[in-house]
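Topology and contacts: notes
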Amino acid sequence: MLQLSFVNFKRDSYLLVEGKENNDRFFIIQSGKVRTFRSGDLTGVSEKVLGPGDFVGVIPCMSGHSQIENAVALADTRCISVLKDQYPELIEKNTPIALKIIRTFANRMRTMNELLTSMTSNNVSSSTAEQIFDVASYYDKVGNYATALYAYYHYMKECREGEHLEQAQTRFKILSTMSDFREFERPADLTRSYNQGEMIFAENQTGADMFVIQDGEVAITKVVNGNEVILALLKRGDMFGEMSLLENKPRSASAIAHQNCRLMVINRSNFDQMVTTQPQLIARLTTMFAERLWTSYRQQDNANLVSPLHKMVDMLALQMEKAKRFIGSYQTELTPVDLANMCGIPLEQHTQALSAFYSEHSAKVNANKIFIPDCGELRKQAAFYRKMNAQQLEKELKEQKSTVF
């Protein structure tokens, strides 16, 4: 039987402390106000004022990671305390609470994706269907013709009077003679298969299907300023495409088969049915969003780093943290080029950045895959780089304020 407890917080007291580990519960605010913020966040995106019905601490609780933000009571506040183990039963008895958490996470995830793209590439990609042409052009340029064909096809389909329509038609005809790929429209099957390199959907393409990876890997990417930024590499059991299903908005990023993969498809009709009959799906979605949002906040720290080498070392540490591998050795499935792309390092800087990385003693490359001999040492090194960078940013901020005043 579900038995929830209540916790009272005095004004100015902390509900959550950034960096705290072993988080086994989250809070639903019943009365009062709470401010959330992250230390050293110059963007202000993490600062929010929450009230009754809102929740805090779900991300670290459901992901099993450390706290990503501070939460302080702005007034005397009363909260419902929910243990992680109680969440499945809470869903069965009050599905709207779980759906509110998921929809809030979807909105926050879209915001974080745009912020990370902006920080990584010093620009924000177009938010219209015209962006599909830029996606096609990038994969055309790097010789991934199947992906380029898919994107050109859907640009022509969605932008029948588009600015680049004539150019897209010309390149589509030329590439059609260079590639046998013709899977531009998939049947409405609930299971689909994709070969490595094939595009599942393009950023800003319309569509409302959500996918669960049954086998293989999928890369979630964005193209900004003519460069590819890999937002995530997803594996068996992971879900993607859920933001379009939940928010009824165009795709916020592209999905490309990183390996041959088989996907289960969830559309609006079977999702609504699953919500009422399979509460474990909602629990899985919550955990998945929590993992991704925790990773996004952690990637925000990585995007603040200046040195490409520091970025790559820290990104490796992030991959270990996601896998909860803190000691011993760790064999990743990432190539050095994958790692550089995940850090948003421009193509013209790859040679220099990879050369510095190859001389890095905390990571090795075996058969073009990155191997970490000592996870603990690499994690310490990455933390040192972040600390140095934060101190430098703080110093520059103080200098800017002193100049203004």
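Above: the structure in question.
Now for a look at the structure at hand.

About the thresholds
- Residues numbered from 1 in each chain as written.
- Predicted model: local features only at pLDDT ≥ 70, side-chain atom pairs only at ≥ 80, totals over all residues.
- Heavy atoms only, no water.
- Buried < 20%, exposed > 50% of the residue type's maximum accessible area, 1.4 Å probe, protein only.
- Helix = DSSP H or I, 4+ residues; strand = E, 2+ residues; numbered from the N terminus.
- Pairing = 2+ DSSP bridges.
- Phe/Tyr/Trp six-rings, centres within 6.5 Å; stacked < 30°, edge-to-face > 60°.
- Lys NZ or Arg CZ within 6 Å of the ring centre and 35° of its normal.
- Salt bridge = Lys/Arg side-chain N within 4 Å of Asp/Glu carboxyl O.
- Contact = heavy atoms within 4.5 Å.
- Axes fitted to C-alpha atoms, helices over the stretch in contact; angles between N-to-C directions.

**Observations regarding the pairing of strand 7 (residues 70-73)**
- Burial along strand 7 is two-sided: N70 and V72 and A71 and A73, pointing in opposite directions, are all buried.
- In terms of strand pairing, strand 4 (residues 34-37) meets strand 7 through 4 bridges, oriented antiparallel. By the bridge assignment, V34 is partnered in strand 7 with A73.

**A short note on the packing of aromatic side chains**
- Going through the model one piece at a time under the given rule, you end up with 15 aromatic pairs.
- Centroid distance F172 to F184: 5.4 Å. Interplanar angle 50°. Geometry classified as tilted. One end of the pair, F172, is in helix 6 (residues 165-176); the other, F184, is in the loop between helix 6 and strand 9 (191-194), with 12 residues separating them in the sequence.
- On the basis of relative accessible area, F172 is assigned to the buried category, the value being 15%.
- Above the ring of Y194, the side-chain terminus of R186 is found at 4.0 Å from the ring centroid.
- The aromatic ring of F201 is capped on one face by R251, whose charged end is 4.0 Å from the ring centroid.

**Quick word on the pattern of salt bridges**
- The full count for this structure, using the stated rule, is 21 salt bridges.
- Linking R284 and D238 is a salt bridge whose minimum nitrogen-to-oxygen distance equals 3.7 Å. A residue pair is termed long-range when its members are at least 10 positions apart, and R284 in helix 9 (residues 279-303) and D238 in the loop between strand 13 (227-234) and strand 14 (239-240) qualify at 46 residues.
- Close ionic contact of R379 with E321 constitutes a salt bridge, the shortest N to O distance being 3.5 Å.

**Examining the side chain of H154**
- Among the structural elements, H154 can be located in helix 5 (residues 145-158).
- The contacts of H154, once residues within four sequence positions are left out, are I132, F184, E185 and Q205.

**What about the sheet that holds strand 4?**
- The 4 strands are arranged 2-7-4-5 in an open sheet whose pairing can be described as antiparallel. Looking at strand neighbours, the two that pair on one side only are strand 2 (14-16) and strand 5 (48-50), the edges of this open sheet. Strand after strand, the sheet turns through a mean of 30° between neighbouring axes, direction not considered.

**Focus on the sheet that holds strand 13**
- Spatially, the 4 strands line up as an open sheet ordered 10-15-12-13, and their pairing is antiparallel. Every other strand in the sheet has two partners, leaving strand 10 (199-201) and strand 13 as the edge strands with one partner each. The sheet shows a mean angle of 35° between the axes of neighbouring strands, taken without regard to direction.
- Sheet strands touched by helix 5: strand 10 and strand 15 (254-257). Its angle to strand 10, the strand with the most contacts, is close to 25°.

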